[in-house]
Amino acid sequence: MTDRLPHEKGFHVSWDQLHRDARALAWRLQGEGPDEGGWRAVVAITRGGMAPAMIVARELDIRMVDTISVKSYNHQTQSEPKVIKSPDMDVVGDGTGVLIIDDLVDTGKTLEVVRKHMPKAHIATVYAKPMGRPQVNTFITEVSQDTWIFFPWDMALQYVEPYRGKD
Ligand SMILES: O=P(O)(O)OC[C@H]1O[C@H](OP(=O)(O)OP(=O)(O)O)[C@H](O)[C@@H]1O
Ligand SMILES: Nc1nc2[nH]cnc2c(=O)[nH]1
Ligand SMILES: [Mg+2]
């Protein structure tokens, strides 16, 4: 068990921002497939990879979409990652021509486990922290290791006190 608190900084991502960044990822991945037919399939790492994977699959017109489920974090506390659901191995094989998508890489432990399942796959994340960068083939935005990324599905709009009137 690794206690990852405290994170010095917070990086808050809105739905708009996530949509833009996931589309930028798709743009970068376009034409990077192993042959002219493009990518054979997308595998989303649940749960955080599902929204970016849907956006990438839409932009690159990939209809074959599967999931791999890796459990490791409970809020901000990490334990050893375990694959609790595999993709259809008849479809993904050794990963050739397969695009694996996650929302972010932090320590890289999740991707280490995923790569063992599909060693030839191309791994892409929207966000990356320095420790996990070696595990990723393509990403869009890097944030520092002491930053916690907050995704729109973990947040809600709420009232804030005006500056004047506090304390
Ligand atoms: O590089 P690592 O240190 O392994 O961390 C990255 C993983 O952590 C988060 O998933 P989480 O395990 O919290 O599950 P979730 O996607 O279901 O929220 C995130 O979505 C990545 O999959
Ligand atoms: N939401 C979120 N999940 C994570 N899992 C590992 N690192 C992070 C992070 O910075 N944000
Ligand atoms: Mg995840």
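The protein has the name Xanthine-guanine phosphoribosyltransferase in an unreviewed UniProt entry, where Marivita geojedonensis is given as its organism. Under the Sequence similarities (unreviewed entry) heading, UniProt states for the protein: "Belongs to the purine/pyrimidine phosphoribosyltransferase family. XGPT subfamily." According to UniProt, the comment filed for the protein under the heading Subunit (unreviewed entry) is "Homotetramer."

Colleague: Please provide a residue-by-residue account of the site of ligand 1, values included.
Modeller: Surrounding ligand 1, one finds 15 residues, the nearest of these being Tyr73, Asp102, Asp103, Thr107 and Thr110. Take Arg47: an N or O atom from its side chain is 2.6 Å from an oxygen atom of ligand 1. Contact distances for ligand 1 include 2.5 Å between an oxygen atom and a side-chain N or O atom of Thr110. Starting from 500 Å² of accessible surface for ligand 1 in isolation, the protein chains cover 86%. Among the elements of the structure, strand E4 (65-74), strand E6 (98-105) and helix H4 (109-117) are those that each provide at least two residues to the shell around ligand 1. It is E6 that provides the largest number of residues to the shell around ligand 1, a total of four residues. A class-by-class count of the residues in the shell around ligand 1 yields three nonpolar, seven polar and five charged.

Colleague: Explain the site of ligand 2 residue by residue, including any values.
Modeller: In the vicinity of ligand 2, the contacting residues are Tyr73, Leu104, Asp106, Lys129, Thr147, Trp148, Ile149 and Phe151. Asp106 is positioned such that a nitrogen or oxygen atom in its side chain is 2.6 Å from a nitrogen atom of ligand 2. In the environment of ligand 2, an oxygen atom lies 2.8 Å from a nitrogen or oxygen atom belonging to the side chain of Lys129. Isolated, ligand 2 exposes 280 Å² of accessible area, and the fraction of that covered by the protein chains is 87%. The leading source of residues in the shell around ligand 2 is strand E9 (residues 147-150), at three residues. Looking at the shell around ligand 2 residue by residue, the classes come out as five nonpolar, one polar and two charged.

Colleague: So, the pattern of salt bridges: which residues are in play, and what are the values?
Modeller: For the structure shown, the criterion picks out nine salt bridges. Two residues, Lys109 and Glu80, come together in a salt bridge whose shortest N-O distance is 3.3 Å. Of this pair, Lys109 sits in helix H4 while Glu80 is found in strand E5 (residues 77-85), placing the two residues 29 residues apart along the sequence. Relative accessible area serves as the criterion here: at 56%, Glu80 is assigned to the exposed category. For the salt bridge of Asp106 with Lys129, the shortest nitrogen-to-oxygen distance reads 2.9 Å. One end of the pair, Asp106, is in the loop between E6 and H4; the other, Lys129, is in the loop between strand E7 (122-128) and strand E8 (138-142), and 23 residues separate them in sequence. Classification of Lys129 as buried rests on a relative accessible area of 1%. A cluster of three or more residues bridged by salt bridges with shared partners is formed by Arg23, Arg58 and Glu59.

Colleague: Before we move on, can you summarise the side chain of Asp102 with the specific residues and values?
Modeller: Note on placement: Asp102 falls in strand E6. There is no salt bridge for the buried Asp102, and the closest opposite charge comes from Arg47, which lies 9.6 Å off by N-O distance. With near-sequence residues (within four places) excluded, Asp102 lies in contact with Ile45, Gly48, Gly49, Thr110, Ala124, Thr125 and Val126.

What counts and what doesn't
Residues numbered from 1 in each chain as written. Chains lettered and ligands numbered in written order. Predicted model: local features only at pLDDT ≥ 70, side-chain atom pairs only at ≥ 80, totals over all residues. Heavy atoms only, no water. UniProt positions renumbered as here; feature names shortened; annotations may be inferred. Near = heavy atom within 4 Å. Polar contact = N/O pair within 3.5 Å; in protein donor to acceptor, adjacent residues only side chain to side chain. Areas by Shrake-Rupley, 256 points an atom, 1.4 Å probe, with all protein chains shown as cover. Helix = DSSP H or I, 4+ residues; strand = E, 2+ residues; numbered from the N terminus. Nonpolar A, V, L, I, M, F, W, Y, C, P; charged D, E, K, R; others polar. Salt bridge = Lys/Arg side-chain N within 4 Å of Asp/Glu carboxyl O. Buried < 20%, exposed > 50% of the residue type's maximum accessible area, 1.4 Å probe, protein only. Lys, Arg positive; Asp, Glu negative; His and termini not counted. Contact = heavy atoms within 4.5 Å.

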